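Examination of the molecular architecture
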Amino acid sequence: MYYDYYLYYLSYLSSVYNGYPLIIRITVVMVMVLAAITLFGVFRLLYIGYRMNRKEKTKKGTRDHFEEKLTFVMRNKVNYEVEEIQELLQYDTNRAKRWKSDVLTDIVLTVKNSVYKEGELNEINYKNCIEALRLMGFWEKRIRTSGPDKRKEALQIVGAIDNGINSGILSKSTFHKNKHLRKTARDLHTSQDSYNPFRFMEENFDEAFTQLDKLRLHSTLIKRSKEGRLPNLLRWINNSKNPNYIVFILREVGFFKQYEAAPTLMEMLDRQENRDVRAQVILTLGELGYLECASSLIERFHLETNVVREAIITTMGNLQARENLDFLVEAYRSTEDVNSKLIIARSIKSHGEYGNQELLRLQQEAYVKANENENTLLNQVFSETAILPV
Amino acid sequence: MIYFFTYLIYFYATALALFYLGLMIMSYYNTLRYRYRYTEKEENYLKDFPEEAPGISIVAPAFNEEVIIYDSVNSLLNLDYPTFEVIIVNDGSKDKTLDILIEEFELEEVPYYYAYKVYCRPVRRIYRSKNPAYSKLKVVDKENGGTKADAMNAGVNIAQYDYFINTDVDCILAEDTLSKIILPVLDSDKHVIAVGATMRMVNGCTVDKGRITRVKPPNRLIPLFQETEYLRSYLVAKMGWSMVNAIPNVSGGFGLFDRNIVVAAGGFDSASHAEDMDMTVRMVAYMRENKKAYRIVQCPYSLCWTEGPPNIKVLNRQRTRWGRGMLQFIIDHRKFFLNRDYGRLGFLVMPYIVFFEFLAPIIEFTGFLFLLFLLFSNQVNFDTFWMMIAYAYLIGLSVSIVTVSYDLVLGKLYKNFWEYLKLVLFSAFEAILYHPLVVIFTLRGYVQYLTRKNFKWGQMTRQGFSPSKNANTVHNNA
């Protein structure tokens, strides 16, 4: 119906500029487009402003109504039933508007985090509050029906709520083509699933494995380790060909002090061709305090690349065995690279009193040879503890 | 001849309009994507597991900055991030900058093996604090090198972490700057060599002890126009370019760089007057020459506030320097232009810089002179003249308005919504009151470069941020 009107005005406009060169006609169109963008921009700005103000007001109202009551329930040592909480909150879930669950989740999580920090969180009441407000249903629906960005946000919130999730709801997201959504879903699965939580860990986690994923998984593994003993993490790297992922798992082996992994790590050291993986194996052995590795590391020191050599030196510093000091001193003398010298000197210093004595001896040698640079370098290492740590 | 020139200007403006339309669409998509991708949860990982957070060095050169140095360093030291160091490079200041640093931060000279990995003027001393509260601070005292690039190199040489922030001491960083700027590095499967972020004007904001407590648009006209100009540049242009990994420049006021790549590319060029653009392009060239995959990312959030020129005199100094830097950059890096070995750098970034950044003031100025000639010789068709004026005017205005709405989408920084409308309202006058000045000053910079006149690094005159010293709202009196 409106098509005729548009056609009329378009004909009118073209009649006004009839006879003008093409360039003027193009300009007319461009001016109209730009004017439309300008007007649209102004209206959009006003609309965003209006929406923000309204959200702020409703958020404040909701917070005023719920925050105190939720704090009371979550902090209370007496366990409340879901119906009791609903009655206390005076909240009818059937009549609630969609935006309210969003705002309520924010309030529930804020209250939970603050009460948890105080060490007074009643977990049962917290879970009943979520049930009373029907928050999980709201977010599960969003996971099922929204676009990738909103779905990812919903997954993160479900992770923060930490109330478990049916892995069936996640299945669509765990194999989504959007890698950010996919990885968030896989992390949530690892964190929340009760049947086979480490499924994706055994499958390399994801082909697009980044530093941020390492942080996410590190956090998830800490959470899992608090719930119960973690399995031997090394089994997850047997099928992996991604060095990045292998390095991450090796770091976690050290972090969670899985001492039983040390002999296998020694075997890995001979097999591994990737230098970053070898370097991490050595660092992990140091983290585990595996003194037996020292002689083997000393043997391979001169044949290794710089990255691995630095890892060996750091590990020697971590192991702090007195017998390794001679090796470190010899390594210091034989290296020409200033950066390596610094690392070795710090490693020697980490051996305490004996280390300091060796450093003084090295400084004496530098003094005799009138090697000013080396003298400064050693003075720097000495001053690092005297002034401040590096 | 007349026809040729008229058409040239017309098609130039049309190409610019279409270019910006494309960038607006790409930046909108990119901004929304960024907003959903990195939330508070990701930032919290870095705070919850400090041992996993990659270290960041903040390098800020200081030359005669006695007025602001104390607040500025304090502000940098109080950033909310687990692992970072602050490196202040005293670039041979003639005032009390170094004395203030030594006294206020309880510094003492430490033995330090200083390796000149990239060239800079000789370093005299390294200072560190005796007070554990300032354990993150390192001060490099060096001979004056005359440019920011030289001072930056001195800082890069001593930086211990793999990534460093290139900033100025007159910049105030948001408290969560470091966690926001490092996230794209951590989340990329390609090597991220640099990350930029949005910068705004500190003029008008309320600052307390080196922290911004209330964000406001500037009260004075020039910084107010520059605020919109910066937002356009960061939120539309750079966010758009970021989509196709072709950001031409990571700003010298605030940017995160990969230290190893900077060193491998030879460090900042001390002779350059646009050291940021020069460095960005040389890093890209290095990656291309070594056939390494890379990314340069733009973070849309406002993370850095800097003092904008408060008056025409300082604006003149700033823009002539930028003009000199632009021409110098194009001459120095002409080999990249349309060079297929450099991929996007040769076929997208360099042509964009040459045609839309370098040539713009020349075409605008000659266009204006040409218009005067046509007016005096009675050759203007007034039936279509106003249409053309409206066309040129709306290109700038529409982009400005859309930019302000993008900024609002990311979160409300100004307390009052009317302050956003103030930006919109004044952007309507930008083309008349501000833009002609920018054109003239940039052209002046070109002339200065060609005639080799006035080749000094322009200096801003500071009034300082601290309420105790001056006022709690920043005004500049240059």
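Residues numbered from 1 in each chain as written. Chains lettered and ligands numbered in written order. Predicted model: local features only at pLDDT ≥ 70, side-chain atom pairs only at ≥ 80, totals over all residues.

1. A few points about the interface of chain A and chain B
Listed per partner, the contact involves 41 residues of chain A and 46 residues of chain B. Among the elements of the structure, helix 2 (22–75), helix 7 (148–161), helix 11 (211–227) and helix 20 (372–386) of chain A are those that each provide at least two residues to the side of chain A that touches chain B. With 18 residues, the top contributor of residues to the side of chain A that touches chain B is helix 2 of chain A. Among the residues making up the side of chain A that touches chain B, the classes are represented as 20 nonpolar, 16 polar and five charged. (Contact = placed C-beta atoms within 7 Å. Helix = DSSP H or I, 4+ residues; strand = E, 2+ residues; numbered from the N terminus. Nonpolar A, V, L, I, M, F, W, Y, C, P; charged D, E, K, R; others polar.)

2. Some words on the pairing of strand 4 (residues 123–129) of chain B
Residue and element names in this part refer to chain B. Bridge analysis of strand 3 (residues 107–109) against strand 4 gives three bridges, and the strand direction is antiparallel. Residue pairing in the sheet places E109 in a bridge with Y127 of strand 4. Summarising the sheet, strand 4 and strand 5 (residues 137–142) pair through five bridges and their orientation is antiparallel. Of the residues in strand 5, the one forming a bridge with R128 is K138. (Pairing = 2+ DSSP bridges.)

3. Quick look at the UniProt feature "transmembrane region" (unreviewed entry) in chain A
The UniProt feature table records "transmembrane region" (unreviewed entry) at residues 20–47 of chain A. End-to-end, the C-alpha atoms of residues 20–47 of chain A are 39 Å apart, and along that stretch the chain is 93% helix and 0% strand. (UniProt positions renumbered as here; feature names shortened; annotations may be inferred.)

4. Concerning helix 12 (residues 382–409) of chain B
In a regular helix each residue adds 1.5 Å, so 28 residues correspond to 40 Å; helix 12 of chain B covers 41 Å between its end C-alpha atoms and thus fits that length. The positive-phi residue at the C-terminal boundary of helix 12 of chain B is B:G411, with phi of around 140°. (Expected span 1.5 Å × (residues − 1).)

5. Considering the confidence of the model for chain B
Residue and element names in this part refer to chain B. Per-residue confidence for chain B gives a mean pLDDT of 90, with 95% of residues at or over 70. Low pLDDT, under 50, characterises residues 467–478; the predicted model gives this stretch 32 contacts beyond four residues in sequence or across chains. This complex was scored by the predictor with a pTM of 0.88 and an ipTM of 0.83. (pLDDT = per-residue confidence, 0-100.)

6. So, the sheet that holds strand 8 (residues 192–201) of chain B
Residue and element names in this part refer to chain B. In space, the 10 strands of this open sheet follow the order 3-4-5-2-1-6-11-8-12-7, with mixed pairing throughout. Looking at the sheet topology across the chains shown, the edges are occupied by strand 3 and strand 7 (172–173). Across six bridges, strand 2 (residues 84–91) lies against strand 5 in parallel orientation. The partner of N90 across the bridge, within strand 5, is D141. This element, helix 6 (residues 177–186), spans strand 1 (56–62), strand 2, strand 6 (163–167), strand 7, strand 8, strand 11 (254–258) and strand 12 (295–306) of the sheet and lies at about 170° to strand 12. Helix 7 (residues 221–243) rests against strand 8 and strand 12 of the sheet, and its axis sits at about 155° to strand 8. (Axes fitted to C-alpha atoms, helices over the stretch in contact; angles between N-to-C directions.)

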